[in-house]
Amino acid sequence: MSKIKTLLNDNETILVFDIDGVLALLEFGEHNHFDDNEEEWFNECAKGINHYTEDKVIKKMQKFLKNRNTSKVYVVSAVGHNNESIFKKEFVNKYYNIPKENVYCVKKNKDKKQILYKIKEKYQNTEDYKIVMIDDTIEVLNDIMENTNFSTIHISSFLDI
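Residues numbered from 1 in each chain as written. Predicted model: local features only at pLDDT ≥ 70, side-chain atom pairs only at ≥ 80, totals over all residues. Heavy atoms only, no water.

1. Some thoughts on the packing of aromatic side chains
In step 1: Scanning all chains against the criterion turns up 7 aromatic pairs.
In step 2: Relative to Tyr95, the ring of Phe91 has its centre 5.5 Å away and its plane inclined at 55°; by these criteria the two rings are tilted. Residue Phe91 and its partner Tyr95 are located together in helix 4 (residues 82-96), separated by 4 residues, close to a single helical turn. The same class applies to Phe91 as to Tyr95, namely buried.
In step 3: In textbook terms, an aromatic cluster arises when at least three aromatic residues are bridged by ring pairs, as seen for Tyr52, Phe91, Tyr95 and Tyr96. (Phe/Tyr/Trp six-rings, centres within 6.5 Å; stacked < 30°, edge-to-face > 60°. Helix = DSSP H or I, 4+ residues; strand = E, 2+ residues; numbered from the N terminus. Buried < 20%, exposed > 50% of the residue type's maximum accessible area, 1.4 Å probe, protein only.)

Here it is as C-alpha cells:
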C-alpha cells in the first residue's frame, strides 16, 4: 500500500518541488499550456518579461504549504536563462513563502537528482526516503526513483488531498 500521503503529511519530510506545472499553473498560452517556443521564451526572459505572476499560483498548493515549515521545503527547477531563475525564486518566495536560498535552478531536468544529494547533505540524519521530489515529469521521477533512494511523488497525488 502506498505511503505517499503519509510522507506528504509528515512534518519531518523534506519536500522538494518542481515549479512549472507543480507550483505554477502551466497556463502560459491563450488556448494551450504554452504558446512560445523555447527560443522566444528565453528572449522574453532576457528582456525582463516575467510570466511568473500571481495568476499562476496554484491555490491548492498554496494552501497545502501555508502551515508548513518552509525552511524544510525546497524547489528544483530547470531554467534556460538567468532571469528565469530570478523570476522563479521571487515567485515561490512571494506566493509560497519558500526561502530564496532553498530554490535551486538547473539547466537540464536530469540534473535535479544532484540537487537532492546537495539537500541531503543538510539533513544527514534524515533517511533518504524522507526527502521527496514532487514533479509532473515522469522522466524526472523515474530517474530519481531508479538512481537514488529518495522518494518521488507525482503532482497528481495532490488532486484528492
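2. Quick notes on the environment of Lys3
In step 1: Within the element layout of this structure, Lys3 appears in the segment before helix 1 (4-9).
In step 2: Judged by its relative accessible area of 62%, Lys3 falls in the exposed class.
In step 3: For the pair Lys3 and Asp128, spaced 125 residues apart in the sequence, the C-alpha separation amounts to 15 Å.

3. With respect to the pairing of strand 3 (residues 103-106)
If a strand is regular, its side chains alternate between the two faces of the sheet.
In step 1: The sheet contact formed by strand 2 (residues 73-78) and strand 3 spans 4 bridges and is parallel. Residue pairing in the sheet places Val76 in a bridge with Tyr104 of strand 3. (Pairing = 2+ DSSP bridges.)

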